Each structure stands twice: as structure tokens, then as C-alpha cells.
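Here is what each chain is made of, one letter per residue.
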Amino acid sequence: MNPGTHGDLAPLTAADVRAAAALHVRAFDRFFLSSLGEPFLREFYTGFVQDPDAVTAVARDPDGRLVGTVVGTVAPGMFFRRLLRRRGARLALASVPAVLRRPGVAVRVLRGLAYRGEVPVDTRGALLSSICVDPATEHGGHGRRLVDAWWREVRRRGVTSAYLTTDAVDNDRVNAFYRRAGWTPAGNFTTAEGRPMNCYTRCAGGDADQPVSASRHRPPVAG
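Let me begin by describing the structure that accompanies this report. (Residues numbered from 1 in each chain as written. Predicted model: local features only at pLDDT ≥ 70, side-chain atom pairs only at ≥ 80, totals over all residues. Heavy atoms only, no water.)

1. Some remarks on the pattern of salt bridges
Side-chain pairing between opposite charges can occur once the charged atoms of the two side chains come close. Evaluation of the coordinates by the stated rule reveals 18 salt bridges. Between D51 and R86 there is a salt bridge whose closest N-O contact spans 3.6 Å. With D51 in the loop between α3 (38-50) and β2 (54-60) and R86 in helix α4 (residues 76-94), this residue pair connects regions lying 35 residues apart in the sequence. In this structure R86 comes out as partly exposed when scored by relative accessible area, which is 41%. For the salt bridge of D53 with R82, the shortest nitrogen-to-oxygen distance reads 2.6 Å. Taken together, the positions of D53 in the loop between α3 and β2 and R82 in helix α4 put the pair 29 residues apart, joining distant regions of the chain. On the basis of relative accessible area, D53 is assigned to the buried category, the value being 17%. (Salt bridge = Lys/Arg side-chain N within 4 Å of Asp/Glu carboxyl O. Helix = DSSP H or I, 4+ residues; strand = E, 2+ residues; numbered from the N terminus. Buried < 20%, exposed > 50% of the residue type's maximum accessible area, 1.4 Å probe, protein only.)

If you want it as C-alpha cells, here you go:
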């Protein structure tokens with residue numbers, strides 16, 4: 001269901017979920033999903049552990065501590081339908097404290113629960129949903145290894161294209177990271193909340209699919 005071990009990389013497991021949620025909050029400290037809290041994120045990551053179409057990888061430091069994770073799916077529409085069916089009630093319940101603190105976020109939660117991986121840009125194939133690296137280890141090359149391992153597994157499954165989205169504003173380093181890693185700008189759009197986003201795609205056969213030495217570029221803290 002997930003990529004095999006690649007060096008210091010391995011698939012996300014149920015035992016990693018708590019650490020992955022905590023890492024997400026550290027890496028995305030000002031983002032919406034983090035504002036919903038670690039219980040919500042634990043449900044989110046558990047959905048990737050349990051789904052047959054999920055593609056995941058984690059990186060660890062020499063002491064075995066989780067320092068990076070990437071999650072996505074080769075079948076976005078089916079994945080998010082299953083996530084809502086299997087974990088929708090738990091996700092909704094986990095978001096209650098955030099909604100009580102800020103009732104205005106309820107609409108965003110409902111919109112998120114209805115998400116099916118769609119973006120208003122011409123895309124197809126696998127979706128890279130989230131990648132984050134511990135800010136304390138962001139110079140270790142974990143981000144590039146994670147995104148490359150994710151793409152190798154997508155291709156192993158017979159899928160030859162993928163897409164992702166990331167913030168367009170105040171996010172130059174992350175956008176540059178994806179371009180260096182072989183992702184091509186495919187368009188931009190603005191979310192219902194007014195958040196400008198860039199969309200990137202990747203297709204099999206590009207130069208970035210050739211073997212590369214370990215990158216020392218700074219990886220994205222989150223994307």
C-alpha cells in the first residue's frame with residue numbers, strides 16, 4: 001500500500017500518527033489545519049495509513065525520531081470519499097473545540113470535509129497532499145528525499161502524472177523547492193477564503209526522473 005523502505009525512509013504507520021500530527025503543527029504553525037488541533041490531524045493522518053490508494057513516507061533522525069512526512073494518494077476522488085465515509089464523524093468531532101473558539105471556521109471545516117482533491121486547474125493523476133519537515137532539521141535534505149520517494153511509488157503503481165498545490169504569496173522558498181524537484185507550474189487560483197495558490201504538476205519521463213545525488217537544498221518546512 002505504501003513505498004518500501006528507501007534508506008532512512010519508510011511508510012507512515014499507525015505508530016507514527018501521533019508524531020506526524022505534532023510535526024504538522026510545528027511545521028504549519030500558522031495554517032488552518034494546524035489550528036484545528038492535533039486530534040483532528042491524527043484522524044487525518046490515520047486516513048492515509050488505512051487507505052489502499054495512499055502513498056506515504058516518513059524520514060527519521062539517527063535516534064529514530066520522525067523528522068519529516070509526506071502523504072498523498074493515487075486516486076484523489078476515491079480517497080477523499082472513503083476518508084469522509086470512514087472518518088468523517090471523527091474529523092468533525094475533533095474539530096469541535098476549534099469551532100467553539102472561532103465559530104467562523106465551521107464553514108471551512110465543512111468545505112474541507114467535502115473536498116475531493118479537485119482544483120480549478122487542469123490536473124490529473126496522483127495528488128501530493130502534504131509534505132512537512134521539522135524546522136530544526138530543514139537543512140538535512142529530508143524534503144527532497146521524501147518527495148522523490150513519494151514520486152517513485154506513484155510511478156511504481158502505474159500512475160504517470162501527479163499534482164500539488166501550495167501558497168503563492170510569501171512562499172518563495174517552497175515554490176523554488178518544487179521547481180528544483182521536477183514539478184512544473186500548471187496555473188494558479190484563489191481559494192474561497194481568498195488564499196492565492198499555485199498548482200504544480202509532474203509527469204513521468206522528465207529530467208528530474210533521472211537518478212540524482214542527495215540534495216543539500218533546503219527542503220520545504222511544509223507545502
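2. As for helix α8 (residues 172-180)
Buried within α8 are the following residues: V174, N175, F177 and Y178. All buried residues of α8 lie within an arc of 155° about the axis, which places them on one face of the element. In the segment just after α8, G182 is the residue with positive phi, at about 100°. (Arc of directions from axis to C-beta.)

3. Quick notes on the packing of aromatic side chains
Enumeration over the complete set of coordinates arrives at 10 aromatic pairs. On the basis of an interplanar angle of 75° and a centroid distance of 5.3 Å, the ring pair of F44 and Y45 is categorised as edge-to-face. Among the residues examined, Y45 registers a relative accessible area of 0% and is labelled buried. Centre to centre, the rings of F79 and F80 are 4.9 Å apart; their planes meet at 85°, and the pair counts as edge-to-face. Across the pair, exposure class does not vary: F79 and F80 are buried alike. (Phe/Tyr/Trp six-rings, centres within 6.5 Å; stacked < 30°, edge-to-face > 60°.)

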